[in-house]
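Chains, contacts and geometry: an overview
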Amino acid sequence: MNPVLLIIIAVTAIVSYRGFNDSAFFRKYEFHIGSIRAGEHIRMITSGFLHGDFGHLIFNMLTLYFFAPVVISYMGVFHFLIVYFGSLICGSLLSLYFHKDDYYYRAIGASGAVTGVLYSAILFQPDMSLYLFFIPIPIPAYLFGIGYLLYSIYGMKAKNDNIGHTAHFGGAIGGYIITLSQEPSMLLDNTMMVILLAIPIVILFVLEKTGKL
């Protein structure tokens, strides 16, 4: 495993474990609209190192473990870090935008950053396949990515769970834009995949502009 990736996973695990056992620490560094609007902007980054439970932590870190090496192999460690932390910040920014008037809104998790890495990996290797435990056949990674974001739109509209769908979406947008900005040749070499992955992003902004979110 790349040492930088190992450090990210280790730090996230350590900080998350501290949060499991220290509610004051957890509340101090979680994403919280009221606190962020009061000037505690560091929460937009620190919240990405906290998780709700071991299941949440393991799922995110396993996803990162499998897809980060793809991004690192194509872009190198430095640009992988840009994708990771850029996606984390984009997830927080989109959450802040959509929930700016909900002062009690809270969120935690590396999902935004991890989803950005997933989207970046799909752009580099659109022919990847995923094996989901409840589906016995391989699923093309790009179909999973598109379906995941469409589900996130549904979750943002329904507002019937505690999942930070907005951060997932913001992270995907971040990974998508950052990767294309670093590898603009994809626009010509992989045009169809670039267009397909843009579909849920366009749908999100159309719904937002028409007041349907």
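Here, the structure is the one placed above.
Residues numbered from 1 in each chain as written. Predicted model: local features only at pLDDT ≥ 70, side-chain atom pairs only at ≥ 80, totals over all residues. Heavy atoms only, no water.

Further remarks concern the packing of aromatic side chains. Within this structure, the stated rule accounts for 13 aromatic pairs. Plain terms: the ring middles of Phe49 and Phe85 are 6.4 Å apart, the flat faces sit at 35° to each other, and that makes the pair tilted. In this pair, Phe49 is assigned in the loop between α4 (43-46) and α5 (54-75) and Phe85 in helix α6 (residues 77-98), connecting sequence segments 36 residues apart. Members of the aromatic cluster, joined through ring pairs, are Phe49, Phe80, Tyr84 and Phe85. The ring of Phe25 has Arg18 lying over it, and the distance from NZ or CZ to the ring centre is 4.4 Å. Lying over the aromatic face of Tyr97, Lys100 brings its terminal NZ or CZ to 4.9 Å of the ring centre. (Phe/Tyr/Trp six-rings, centres within 6.5 Å; stacked < 30°, edge-to-face > 60°. Helix = DSSP H or I, 4+ residues; strand = E, 2+ residues; numbered from the N terminus. Lys NZ or Arg CZ within 6 Å of the ring centre and 35° of its normal.)

Glancing now at the pattern of salt bridges. Scanning all chains against the criterion turns up five salt bridges. Between Arg18 and Asp22 there is a salt bridge, and its shortest N-O distance comes to 3.2 Å. Measuring nitrogen to oxygen at the nearest pair gives 3.7 Å for the salt bridge that ties Asp101 to Arg37. Of the two residues, Asp101 is situated in the loop between α6 and β2 (106-107) and Arg37 in helix α3 (residues 33-37); the sequence distance between them amounts to 64 residues. For Asp101, a relative accessible area of 62% translates into the label exposed. Within this structure, Arg27, Glu30 and Arg106 form a network of salt bridges that share partners. (Salt bridge = Lys/Arg side-chain N within 4 Å of Asp/Glu carboxyl O. Buried < 20%, exposed > 50% of the residue type's maximum accessible area, 1.4 Å probe, protein only.)

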